[in-house]
Structures are given as structure tokens and as C-alpha cells.
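# Chain and residue survey
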Amino acid sequence: MNFVKGTCGIVLGHNKKVTISGITFKKMYGGSFITTAASKNVSIKGCTFTDSKTIKAEKGRYAIRLEIPDSKTKAFPYTWSKTDNTANKNIKITNNTFNNVCSAVGSVKYTEKVYHSAVKITGNTFSSLSGNAIRALNWAGSTISSNTFSVSKALTSDLVTYAAYRLDRLST
């Protein structure tokens, strides 16, 4: 992405049965490598996410963002998308490498009483992060397990943050 300000590599909105695999995403500047909203049965596997910079006014940019199209929060600001408050369901993030990015996987905003469900984050490697590895914000029935965390920079926040969550299983 060559550090082009505010770009996003892949945007998924209202999709089903999507697999993203074997891609190296690098050089992000203030955006996200992948953003998904209102999608189900999405698999992101065997990818590498490396080298990102944040814009000062924007903290906590994620390599992979899980958002809800909501007219109040504007977390998924694409005019072509319905703002119908639909969460993501059955999202698998497996066997990926996150290195030298601000934050790896998470949600920036949430919609009250609407939960992303069946999010599975397994077998990933997280290293040299300056923010969260994982931020579970309004997730339900989800699993985070068998991941490797290696911290070599000073973190600006907790490694894994859980807010308004209902995870079925957590092991790190």
C-alpha cells in the first residue's frame, strides 16, 4: 500500500462466504488492511500484515477491523452500504502474522445491543505492536486461542482488550 495516507486494502460489506488467503499486506498509513462489516462466513488465513504508520489524530488503527454499518457511529462510512446495524458472523482469522503494526484485530466502535458473533482468532503470531493485539468490542460467542504474542516495543495500551464482550473461550 506504499504508505498512501488513509487507504484500505480490502473492504467487505454485506458479504457471504469470502476467503482471503496467502496475501502479504504491507506499508499501511492510517487506514486498515482489511475492513469487514455485516459479513458472514469470512476466512482470513495465512496472510502477513506488516509495517504500518498511524496518523496522529487517529489512534488504534487495525490491520483487520470488524465493524457494524451504523448511521450513528459511522464506523463503516461507505455510502454504498446500508446502515442497517448488521454485525459480522462466523469470522475466522487463522494462521496469520502481524508484525510492526499499530493494532492487529479489533473493532473501533460498537452499536448498542448488537454483537459480532462466532469470531475465531487462532494460530496467529503477533509481534512488535504499538497498540492492541486484539480488541474485542461487542463480540459474543467468540474464541481467541492458540496465538503467540511477542512484545518488543512499548505498548500504548493493553495487549488484549475486552469490552462489552461475551467470549466463549479465551486462552493465550
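Keep in mind that this is a model prediction, so the values were computed, not measured. (Residues numbered from 1 in each chain as written. Predicted model: local features only at pLDDT ≥ 70, side-chain atom pairs only at ≥ 80, totals over all residues. Heavy atoms only, no water.)

Per the secondary structure count, the protein includes zero helices and 17 strands. Sorting the 172 residues of the protein into buried and exposed places 45% on the buried side. For the protein, restricting intrachain contacts to residue pairs at least 6 apart in sequence, the fraction spanning at least 24 positions comes to 75%. Summing over all exposed atoms, the protein offers an accessible surface of approximately 8,300 Å²; the carbon and sulfur share of this is 47%. (Helix = DSSP H or I, 4+ residues; strand = E, 2+ residues; numbered from the N terminus. Buried < 20%, exposed > 50% of the residue type's maximum accessible area, 1.4 Å probe, protein only. Contact = heavy atoms within 4.5 Å. Areas by Shrake-Rupley, 256 points an atom, 1.4 Å probe, with all protein chains shown as cover.)

Attention now goes to unusual backbone geometry. The phi angle at Asn41 is positive, at roughly 60°, despite the residue not being glycine. With respect to the element layout, Asn41 can be found in strand β5 (residues 40-45). Judged by its relative accessible area of 30%, Asn41 is partly exposed. Even without being a glycine, Ala118 presents a positive backbone phi close to 55°. Take Ala118: its relative accessible area is 22%, and that puts it in the partly exposed class.

Attention shifts here to the nonpolar core. Core analysis: the largest hydrophobic core is formed by 29 residues, its most contacted members being Ile44, Phe49, Ile64, Phe98 and Ile121. When neighbours within four sequence positions are excluded, Phe98 is seen to be in contact with Phe49, Ala63, Ile64, Ile93, Ala104, Val105, Asn124, Thr125, Phe126, Ser127 and Leu129. (Core = buried A, V, L, I, M, F, W, Y, C linked by side-chain atoms within 4.5 Å.)

What follows is about the confidence of the model for the protein. The predicted model of the protein has a mean per-residue pLDDT of 84, with 80% of residues at 70 or higher. Confidence drops under pLDDT 50 across residues 153-157; counting only partners more than four residues distant or on other chains, this segment forms 12 contacts. Segment residues 162-172 is flagged for pLDDT under 50; beyond a separation of four residues in sequence, or across chains, it makes 32 contacts in the model. (pLDDT = per-residue confidence, 0-100.)

With that settled, consider the packing of aromatic side chains. In the structure shown here, the tally under the stated rule is nine aromatic pairs. Ring plane angle 50° and centroid distance 5.8 Å describe the contact between Phe25 and Phe33, whose orientation is recorded as tilted. Relative accessible area serves as the criterion here: at 0%, Phe33 is assigned to the buried category. Of the aromatic side chains, those joined through ring pairs into one cluster are Phe25, Phe33, Phe49, Phe98, Phe126 and Phe149. (Phe/Tyr/Trp six-rings, centres within 6.5 Å; stacked < 30°, edge-to-face > 60°.)

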